[in-house]
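# Summary of structural features
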Amino acid sequence: MTDVDFDSEQYEKCREAGEILAQVRDEAAEHVEVGVSHLEVAQWAEDKIKELGGKPAFPVNISIDEEAAHATPERDDDATFGEEMVNLDIGVHVDGWLADTAVTVDLSGQDELAEAPAEALDAALDVAGPGVDVGQIGAAVEEVIEGYGYNPVVNLTGHGLGHWEQHTSPNIPNREVAQGATLNVGDVVAIEPFATDGRGKVQEGADEEIFALEREGSVRNRQARQVLEQITEEYRTLPFAARWLDSPRAEMALRRLKQQDIVHGYPVLKEQDGAYVSQKEHTVIITEDGCEVTTRSR
């Protein structure tokens, strides 16, 4: 027997975050159409999360074609969707307890590439449970994606979700590894297979619109101080978008905070040019007999 109380406030808030997130993900995906603005979709989803009683755990990620993660619209972004592969990655927290989910909306006509991570995620969920080595989950993901003729993205992983922490241990690989961490009853983890017709590795691009607090610190510059106050009060250690900041000179303030290592940025992660990346992600609570998916469509 285990002494994990699944009725405790922590798990109830994780479930509440997941329920909000499932609704927002499904509705946001319906907004993604050729000609629609990236910024409108991101802002709609972030506003809807608040309307339903949660808060964004990080800025809505809208990754296009070879982009895999950390892409979010800038403040006055005028980009619109074309006939592209679109990944939506969305997070919600309720009092710092998190849920994280992602879905591919394919406008490029590559049904199989969009299906591969979804089927891989189903296979991973069948494996996930207490005492399971995360390498077994990676093996299940890899087998399905390679079965479709694609590559898993090997340097992106699923991850644990902590209190006010979007990425904690264990990392959950998207390929077979010899020995990894073991899942325990009560763990809250995000499992997120990525598939690509590229080489299966992402690297950092030049763009950076998402940031997070690295450490507490003091700054002389008034604007930087105001921005730092907003970050620590509203977002704590969770990632935030430059466009969320109230200061009219937020970009300059962020540069100063980065120079002093008080905040760090998340560069957009990309596959090679001309490649496409697809993604599917759920958050689960590891139970005594498997796992409970908190972000499943209701």
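Residues numbered from 1 in each chain as written. Predicted model: local features only at pLDDT ≥ 70, side-chain atom pairs only at ≥ 80, totals over all residues. Heavy atoms only, no water.

Over its 14 residues, helix H4 (residues 134-147) runs 20 Å from end to end, which matches the ideal 20 Å to within 8%, given 1.5 Å per residue. The complete set of buried residues in H4 reads Val 134, Gly 135, Ile 137, Gly 138, Ala 140, Val 141, Glu 142, Val 144 and Ile 145. Those residues of H4 that are buried lie in contact with helix H3 (111-127), strand E5 (151-152), strand E7 (165-172), strand E8 (188-191) and strand E9 (194-196). The backbone nitrogen of Gly 135 lies 2.7 Å from a side-chain oxygen of the residue at the head of H4, namely Asp 133. At the exit of H4 stands Gly 149, carrying a positive phi of roughly 90°. (Helix = DSSP H or I, 4+ residues; strand = E, 2+ residues; numbered from the N terminus. Expected span 1.5 Å × (residues − 1). Buried < 20%, exposed > 50% of the residue type's maximum accessible area, 1.4 Å probe, protein only. Contact = heavy atoms within 4.5 Å. Polar contact = N/O pair within 3.5 Å; in protein donor to acceptor, adjacent residues only side chain to side chain.)

This next bit is on the nonpolar core. Ranked by size, the top nonpolar core spans 26 residues in total, and within it Ile 137, Leu 183, Val 189, Ile 191 and Val 284 carry the most contacts. Sorting the residues of this core by element identifies H3, H4, E8 and strand E14 (282-287) as the ones contributing at least two each. With eight residues, H3 is the single largest residue contributor to this core. Those residues in contact with Ile 191, other than ones at most four positions away along the chain, are Leu 121, Ala 124, Leu 125, Ala 128, Ile 137, Ile 172, Lys 280, Glu 281, His 282 and Val 284. Residues Leu 21, Val 41, Leu 88 and Val 92 belong to the second largest nonpolar core, which totals 23 residues. (Core = buried A, V, L, I, M, F, W, Y, C linked by side-chain atoms within 4.5 Å.)

Running from N to C, helix H1 (residues 9-31) and helix H2 (residues 38-51) point in directions that differ by 155°, and their axes come no closer than 10 Å. Comparing the axis directions of H1 and H2 gives the class roughly antiparallel. Considering the relative orientation of H1 and H2, their crossing is right-handed. Here Ile 20, Gln 23, Val 24, Glu 27, Ala 28 and His 31 of H1 lie close against H2, whose contacting residues are Val 41, Trp 44, Ala 45, Lys 48 and Ile 49. (Axes fitted to C-alpha atoms, helices over the stretch in contact; angles between N-to-C directions. Parallel < 35°, antiparallel > 145°, perpendicular 65-115°, else oblique. Left-handed = near helix turned anticlockwise from the far one by under 90°.)

Quick look at unusual backbone geometry now. Put simply, Ser 169 and Pro 170 share a cis peptide bond, and its omega is 5°. By secondary structure assignment, the location of Pro 170 is in strand E7. Positive phi is not limited to glycine here, since Asp 95 has a value of about 55°. According to the relative accessible area criterion, Asp 95 is partly exposed, its value standing at 46%. Look at Trp 164: it is not a glycine, yet its phi comes out positive at around 60°. Structurally, Trp 164 is set in the loop between strand E6 (158-162) and E7. On the basis of relative accessible area, Trp 164 is assigned to the buried category, the value being 13%.

Next up on the list: the UniProt feature "binding site: substrate" (unreviewed entry) in the protein chain. Mapped onto this structure's residue numbering, the UniProt feature "binding site: substrate" (unreviewed entry) falls at His 70 and His 167. For this annotated set, covering 98 residues, all C-alpha atoms fall within 13.5 Å of each other, a compact arrangement in space. Set against the largest pocket, the annotated residues that line it come down to His 70 and His 167. If you trace the backbone, His 70 turns up in the loop between strand E2 (67-69) and strand E3 (85-94). Mapped onto the secondary structure, His 167 falls in strand E7. Excluding its chain neighbours within four sequence positions, the residues that come into contact with His 167 are His 159 and Gly 160. Side-chain polar atoms of His 167 contact the side chain of His 159, separated by 3.5 Å. (UniProt positions renumbered as here; feature names shortened; annotations may be inferred. 1 Å grid on protein atoms, 1.4 Å probe; cavity = no way out; pocket = protein on both sides within 12 Å on 5 of 7 lines; lining within 4 Å.)

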